[in-house]
Amino acid sequence: MGIILGNGNVLNQAGELTPMEILVEKGRITAMGETLDREGHEWIDCHGGMISAGLIDVHVHLREPGFEHKETIETGAKAAVQGGFTTVACMPNTRPSIDSVETVTYILDKASEAGMARVIPYGAITVRQLGKELTDFAGLKEAGIFALTDDGVGVQSTAMMKKAMQKAAELGIAIVAHCEDEDLLIPGAALHDGVVAARHGLPGIPSESESIHVGRDILLAEQTGVHYHVCHISAKESVRLVRDGKRAGVNVTCEVSPHHLLLCDEDIPDNLDTNWKMNPPLRSREDRAALIAGLKDGTIDMIATDHAPHTQEEKANGINRAPFGIVGLETAFPLLYTNLVQNGELTLKKLVELLTVKPAEAFKLPYGRLEVGAPADLTVIDLETEKTIDPSTFASKGINTPFAGWACKGWPTLTLVDGKIVYQNV
């Protein structure tokens, strides 16, 4: 007996929503058609919602092991499916960091026990993310990592990054970079080095602290042939460098986070609410425009949330001391649909691709496609009902978001992973 998703719509090649039913059996999509034979199958009414391939997020912080007061693999995986994400890749800035086969195995086992979103861990580039010694890339790959990164910090040594790229290229693993040149950082800087930081008399984080690493690494990727991916791109100079790298034939991809697409530093409230503090910081209006332009012309390959939960107590420590980061898994699609698609900045087809097939293609994942034979990772999204973002309803332990109270459409109502219903609010 299978499951039929009925009374739903899918996007066709022209980007139009058309009626479609989908049959799921043994973890795969086995049939698609306007009307399927229901005999012997469970039929689920999608109430006219859009049926999409399950969303993919290549950048989340699940905090376990070591920081379970912020998030666990279980709560993060629940937040993912509630937000329509079926596959998430978790960053290695845990304690211990994901720099050993044992920690990779621990995370995969915990994710399996949770039985929610598929969780694939990153492996750290350097031992304990200290930038001094490379990890066992081959062992981590065999254990099942997604890619390699020291996210949370940038690899400061050019020689170390080149060595990492050479080794990763030999093994066919992507190098994923948090781009930040620490030589350009002022201790205590929390906001972009722009008008808002200046108005409050605060030191700022300059755009070039990001873009210098982006440029350096693109040159190294060109020489080594590695797949190089830029995390949470935020500065117009970084976008230009990635665009130039692609034109030169470098195997470079990048992601942008929803908050950098929707907000700029001028939106930060005068009370400097720390739910607006993230790294990279919200940059200028011009940077935000460059990010949207980069999405439209294909320079930016995908959207990733950089889901970064913290406790309320931690976030209450003031703009200088509170940790960087906001949550994003449960709000990403509604925010992007409401504020980019409904206002005409992006088409619905483009948005869905940026969250499904594009990350899957870039990282050679077998997910992200809505077709017969594909894994039955599916998300049903209500494009009509408007709801207000309410952090008290989050499955995540973190409620640190600047988007509380925003009215949005585009809420996931049903999520399947490998054909199993893991979230239902139909």
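Structural data are supplied above this passage.
No experiment lies behind these values; they were computed from the predicted model shown. (Residues numbered from 1 in each chain as written. Predicted model: local features only at pLDDT ≥ 70, side-chain atom pairs only at ≥ 80, totals over all residues. Heavy atoms only, no water.)

A closer look at the overall build of the protein
Part 1: Along the backbone of the protein there are 13 helices and 21 strands.
Part 2: Computed over the C-alpha atoms, the radius of gyration of the protein is 21 Å, within 12% of the 22 Å expected from 2.2 N^0.38 for a compact globule of 426 residues.
Part 3: Overall, the protein is about 65 × 50 × 45 Å in size when its C-alpha atoms are taken along their principal axes.
Part 4: For the protein, the proportion of its 426 residues judged to be buried stands at 61%.
Part 5: Taking the intrachain contacts of the protein between residues at least 6 apart in sequence as the baseline, contacts between residues at least 24 apart amount to 74%.
Part 6: Summed over all atoms, the accessible surface of the protein reaches about 16300 Å², with 48% contributed by carbon and sulfur.
Part 7: Charged side chains in the protein number 38 positive and 58 negative. The centres of these two groups are separated by 3 Å. (Helix = DSSP H or I, 4+ residues; strand = E, 2+ residues; numbered from the N terminus. Rg over C-alpha atoms; globule rule 2.2 N^0.38 Å. Buried < 20%, exposed > 50% of the residue type's maximum accessible area, 1.4 Å probe, protein only. Contact = heavy atoms within 4.5 Å. Areas by Shrake-Rupley, 256 points an atom, 1.4 Å probe, with all protein chains shown as cover. Lys, Arg positive; Asp, Glu negative; His and termini not counted. Charge placed at Lys NZ, Arg CZ, Asp CG, Glu CD.)

Concerning the pattern of salt bridges
Part 1: The full count for this structure, using the stated rule, is 16 salt bridges.
Part 2: Across the pair E64 and K110 runs a salt bridge whose closest N-O atoms are separated by 3.8 Å. Of this pair, E64 sits in the loop between β6 (55-60) and α1 (73-82) while K110 is found in helix α2 (residues 101-114), placing the two residues 46 residues apart along the sequence.
Part 3: The exposure class of E64 is buried, given its relative accessible area of 7%.
Part 4: Accessibility expressed as a relative area gives 29% for K110, which makes it partly exposed.
Part 5: A salt bridge links E266 to R285; the shortest N-O distance between them is 2.7 Å. With E266 in the loop between α8 (258-262) and α9 (285-297) and R285 in helix α9, this pair connects stretches of sequence that are 19 residues apart. (Salt bridge = Lys/Arg side-chain N within 4 Å of Asp/Glu carboxyl O.)

Some details on the layout of surface pockets
Part 1: In this structure, the largest pocket encloses a volume near 580 Å³.
Part 2: Lining the largest pocket are 29 residues, with N93, G152, V153, N279 and F324 positioned closest to its centre.
Part 3: In terms of residue class, the lining of the largest pocket is built from 10 nonpolar, 11 polar and 8 charged.
Part 4: In this model, the second largest pocket occupies a volume close to 470 Å³. (1 Å grid on protein atoms, 1.4 Å probe; cavity = no way out; pocket = protein on both sides within 12 Å on 5 of 7 lines; lining within 4 Å. Points joined across faces, edges and corners; volume = space filled by probe spheres on them. Nonpolar A, V, L, I, M, F, W, Y, C, P; charged D, E, K, R; others polar.)

Structural notes on the sheet that holds strand β7 (residues 85-90)
Part 1: With parallel pairing, 3 strands are arranged side by side in an open sheet as β6-β7-β8. Two strands in the sheet have a free side with no partner beyond their single neighbour: β6 and β8 (118-121). Each strand axis lies, on average, 20° off the axis of its neighbour in the sheet, ignoring direction. (Pairing = 2+ DSSP bridges. Axes fitted to C-alpha atoms, helices over the stretch in contact; angles between N-to-C directions.)

Notes on empty space enclosed by the protein
Part 1: Taken as a whole and judged by the stated rule, the model has 4 cavities of 30 Å³ or more.
Part 2: In this structure, the largest cavity spans a volume of roughly 50 Å³.
Part 3: Every residue lining the largest cavity is listed: H178, C179, E180, I205, S209, E210, H232, N279, P280 and R283.
Part 4: Looking at the lining of the largest cavity residue by residue, the classes come out as 3 nonpolar, 4 polar and 3 charged.
Part 5: In this structure, the second largest cavity occupies an estimated 40 Å³ of space.
Part 6: Taken together, P258, H259, T305, I326, V327, G328, T331, A332, L335 and F403 make up the lining of the second largest cavity.
Part 7: Among the elements of the structure, α8 and α11 (332-341) are those that each provide at least two residues to the lining of the second largest cavity.
Part 8: A per-class count over the lining of the second largest cavity returns 6 nonpolar, 4 polar and no charged.

A few points about unusual backbone geometry
Part 1: Geometrically, the link from R95 to P96 is a cis peptide bond, its omega value of 0° lying close to zero.
Part 2: Here N279 and P280 are connected by a cis peptide whose omega angle stands at 0°.
Part 3: Backbone geometry places D306, a non-glycine residue, at a positive phi of 55°.
Part 4: Among the secondary structure elements, D306 is positioned in the loop between β16 (302-303) and α10 (312-315).
Part 5: Accessibility expressed as a relative area gives 9% for D306, which makes it buried.
Part 6: If you check the backbone angles, D418 has positive phi at about 50° while not being a glycine.
Part 7: Summarising the element assignment, D418 is placed in the loop between β20 (411-417) and β21 (420-424).

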